[in-house]
Amino acid sequence: MNGHLISPYHNAALADEIDFRDLFRPPVDSTQTCLRDQARIEGDAMANSFHEARAAYLSGDGALASTLSRKGRRHQARMVALNRQAADQIFEEKNSHQPAGTIDLHGLTVCEAIERTENFIRDARQGGHSEICVITGRGLHSPTQVAKIRPAIAKLVKDERLCARVHPDNDGMILVDLDRDGQNWALHDIDAWNRPLVTGSETDCVVM
């Protein structure tokens, strides 16, 4: 197929048979939630330690400030490790059964999603593929229902000088052409990807 990695979602008949909401709905995992909660606790402790360190420094107690700063860095290291562990588990769960050439970013932070997508693009190129499918979701779980991961990935695609378009059957998925010189797809306006999305009817095909 001349290096093209064809996603099964291009098949219209197959797309009609798949309920994308069931296929990509993020399951609740208590272990992952616990890890994220622990990371937030460490983050709060880190912030408190750095705040106290600054107060100690301003009061002239340099020794205490140094001790509190080291304490803050320890909390920071634990926070990073816990978030990394959670991200690894989430990514493995979401992607272990995905078709080749498809990556699901549900459950990741923006920074985690960018890192995973960069690695995925690199690996796909090294594998000789020219097309991938990136599942970003529609931002329905964001507080304001404004997507965060989707515009970040759109910016990454633009920065990589790639071409992309929203999947015709599901606007929570992006089809990316890895051919830098490809002219067959036009990159959508990134600003448009930041606008709140209107939830459709129950029969609409959406990523939850």
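What counts and what doesn't
Residues numbered from 1 in each chain as written. Predicted model: local features only at pLDDT ≥ 70, side-chain atom pairs only at ≥ 80, totals over all residues. Heavy atoms only, no water. Salt bridge = Lys/Arg side-chain N within 4 Å of Asp/Glu carboxyl O. Buried < 20%, exposed > 50% of the residue type's maximum accessible area, 1.4 Å probe, protein only. Helix = DSSP H or I, 4+ residues; strand = E, 2+ residues; numbered from the N terminus. Axes fitted to C-alpha atoms, helices over the stretch in contact; angles between N-to-C directions. Parallel < 35°, antiparallel > 145°, perpendicular 65-115°, else oblique. Left-handed = near helix turned anticlockwise from the far one by under 90°. Contact = heavy atoms within 4.5 Å. Nonpolar A, V, L, I, M, F, W, Y, C, P; charged D, E, K, R; others polar.

Taking an unreviewed UniProt entry as the reference, the protein is identified by name as Smr domain-containing protein belonging to Tilletia caries.

The next point concerns the pattern of salt bridges. Scanning all chains against the criterion turns up 10 salt bridges. As a salt-bridge pair, Asp123 and Arg122 come within 3.3 Å of each other at their nearest N and O atoms. Judged by relative accessible area, Asp123 falls into the partly exposed class, the value being 42%. What makes Arg122 partly exposed here is its relative accessible area of 40%. Between Lys155 and Asp159 there is a salt bridge, with the nearest N and O atoms lying 2.9 Å from each other. Of this pair, Lys155 and Asp159 both sit in helix H6 (residues 149-159), 4 residues apart, roughly one helical turn.

Once that is clear, we can look at the packing of helix H5 (residues 110-126) against H6. With their axes 10 Å apart at the nearest point, H5 and H6 run at an angle of 40° to one another. For the element pair H5 / H6, the angle class is oblique. Two packed elements cross with a definite hand, and for H5 against H6 that hand is right-handed. For the pair formed by H5 and H6, the contact residues are Val110, Ala113, Ile114, Thr117, Glu118 and Ile121 on the first element and Ile149, Ala152, Ile153 and Leu156 on the second. A per-class count over the contact of H5 with H6 returns 8 nonpolar, 1 polar and 1 charged.

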